[in-house]
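# Tertiary structure, described
These are the residues of each chain, in order.
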Amino acid sequence: MKNIKILHVIHSFGIGGLERGLVNLINYSSPNFEHSILCLSETGDSETFLTKKIPIYELKKKNGSSLYFLRQVAKAIKDLSPDIVHTRNWSGIDPILAARISGNYKIVHSEHGWGMDDPYGDLTKRKIIRRFTSIFVDEYISVSNQINTWLRQKVKVNKNVTTIYNGVDKNKFINSYDLRSELNLPANSFLFGAVGRLDRIKGFDTLIDAFFMVKEQQKNCNLIIVGSGPEQEKLKSMNVDGVYFLGHRKDIPYIMKTFNVYI
């Protein structure tokens, strides 16, 4: 039986939920699939989480779109000649067109959420473009029922939409780590914890404001934030007592076992 070649087209391969989902998909997939990744801009730290050696390509895209870049993506897809082109989110719209231009590939498009430039997916122009490009898509995947409903009822794509939740390997959460000792906190310290990309749309500033009110009443508690991103320095500058930023970590499952409350 011939292996199925899948080309995953993403904006970049840094740290984030979308990227983690792609890592899990590749690491746990059947050997009947051959994966490769095409980064429109560049690869990143998520590459280190891959347990399988797969080819990763970078196109070094600058801000904005152009006909030249569309041709560049089309050429890259044609050169790699996959069976399936899997695009994701708004940055994957141009690659949908490029895949159709470069050949008769099966195209799967996933939607994982929105950014601060369109936080609710309501921009009319983008909905129209998404609806138009749905002509070229064979199958849609959403990671939540909310996005599924949005694609069908607001964007009005004319193709099937399947919801597939992000998978979690429970076995990774068996062991815990003594985070309190690392941070020199009392053994009975109550820990709130959150993990994610430190991006404005994630609302970590609201979380810190809420924790400040809790801290006023319950002194023996702390907030642990794991992750990195563009809002990191701004969030640190809020300077709330009891908030700890751990940055990018590779032992997240162990750390999460230490939390009393995960947010």
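Below or above, wherever it landed, is the structure these notes cover. As the structure is a computational prediction, the values presented were derived from the model and not from experiment.

## A word on the packing of helix 2 (residues 67-80) against helix 3 (residues 93-102)
A packed helix pair is summarised by two numbers, namely the angle formed by the two axes and the spacing between the axes. The N-to-C vectors of helix 2 and helix 3 enclose an angle of 55°; their axes lie 8 Å apart at closest approach. Here helix 3 runs oblique to helix 2, going by the angle between their axes. For the crossing formed where helix 2 meets helix 3, the hand is right-handed. Packed against helix 2, whose contacting residues are Leu70, Val73, Ala74, Ile77 and Lys78, the element helix 3 presents Asp94, Pro95, Leu97, Ala98, Ala99, Ile101 and Ser102 at the interface. Taken together, the residues of the contact of helix 2 with helix 3 sort by class into 9 nonpolar, 1 polar and 2 charged.

## Looking at the environment of Lys219
Considering the arrangement of structural elements, one finds Lys219 in the loop between helix 7 (204-217) and strand 9 (221-226). Residue Lys219 is classed as exposed on the basis of its relative accessible area, which comes to 58%. The spatial distance from the C-alpha of Lys219 to the C-alpha of Ile56 is 48 Å, given a sequence separation of 163 residues.

## Observations concerning the packing of aromatic side chains
In this structure the tally under the stated criterion is 4 aromatic pairs. Judged by centre distance (6.3 Å) and plane angle (75°), the ring pair of Phe192 and Phe211 falls under edge-to-face. Here the residue Phe192 occupies a position in strand 8 (residues 190-195), and Phe211 occupies one in helix 7, the gap between them amounting to 19 residues. Both residues of the pair, Phe192 and Phe211, belong to the buried class. Over the aromatic face of Phe49 sits the side chain of Arg20, whose NZ or CZ is 4.3 Å from the ring centroid. A cation over an aromatic ring shows up here: Lys61 above the ring of Phe69, its NZ or CZ 5.4 Å from the ring centre.

## Structural notes on the pattern of salt bridges
A full pass over the atoms with the stated rule returns 11 salt bridges. Measuring nitrogen to oxygen at the nearest pair gives 3.4 Å for the salt bridge that ties Lys60 to Glu58. Its relative accessible area of 35% is what places Glu58 among the partly exposed residues. A salt bridge links Lys75 to Asp79, with the nearest nitrogen and oxygen atoms 2.8 Å apart.

## Points about the sheet that holds strand 8
Hydrogen bonding along the main chain pairs the strands of a sheet, whether they run parallel or antiparallel. Spatial ordering of the open sheet is given by 10-9-8-11, a layout of 4 strands whose pairing is parallel. Whereas interior strands pair on both sides, the edge strands pair on one side only; in this sheet they are strand 10 (243-247) and strand 11 (261-262). Pairing of strand 8 with strand 9, which is carried by 6 bridges, proceeds in the parallel orientation. Directly across from Ala194, in strand 9, lies its bridge partner Ile225. Strands in contact with helix 7 are strand 8, strand 9 and strand 10; relative to strand 9, the strand with the most contacts, it is inclined by about 165°.

## Here we look at the nonpolar core
In this structure, Leu38, Leu59, Val73, Ile77 and Leu151 are the most contacted members of the largest nonpolar core, which totals 28 residues. Every element with two or more residues in this core is listed here: strand 1 (4-10), helix 2, helix 3 and helix 5 (145-155). Counting residues per element, this core draws most heavily on helix 2, which supplies 7 residues. Ignoring sequence-local partners within four residues, the contact set of Leu151 consists of Glu111, Tyr140, Ser142, Lys156, Val157 and Val161.

Procedures and definitions
Residues numbered from 1 in each chain as written. Predicted model: local features only at pLDDT ≥ 70, side-chain atom pairs only at ≥ 80, totals over all residues. Heavy atoms only, no water. Axes fitted to C-alpha atoms, helices over the stretch in contact; angles between N-to-C directions. Helix = DSSP H or I, 4+ residues; strand = E, 2+ residues; numbered from the N terminus. Parallel < 35°, antiparallel > 145°, perpendicular 65-115°, else oblique. Left-handed = near helix turned anticlockwise from the far one by under 90°. Contact = heavy atoms within 4.5 Å. Nonpolar A, V, L, I, M, F, W, Y, C, P; charged D, E, K, R; others polar. Buried < 20%, exposed > 50% of the residue type's maximum accessible area, 1.4 Å probe, protein only. Phe/Tyr/Trp six-rings, centres within 6.5 Å; stacked < 30°, edge-to-face > 60°. Lys NZ or Arg CZ within 6 Å of the ring centre and 35° of its normal. Salt bridge = Lys/Arg side-chain N within 4 Å of Asp/Glu carboxyl O. Pairing = 2+ DSSP bridges. Core = buried A, V, L, I, M, F, W, Y, C linked by side-chain atoms within 4.5 Å.

Worth remembering: the numbers are spatial, not functional.
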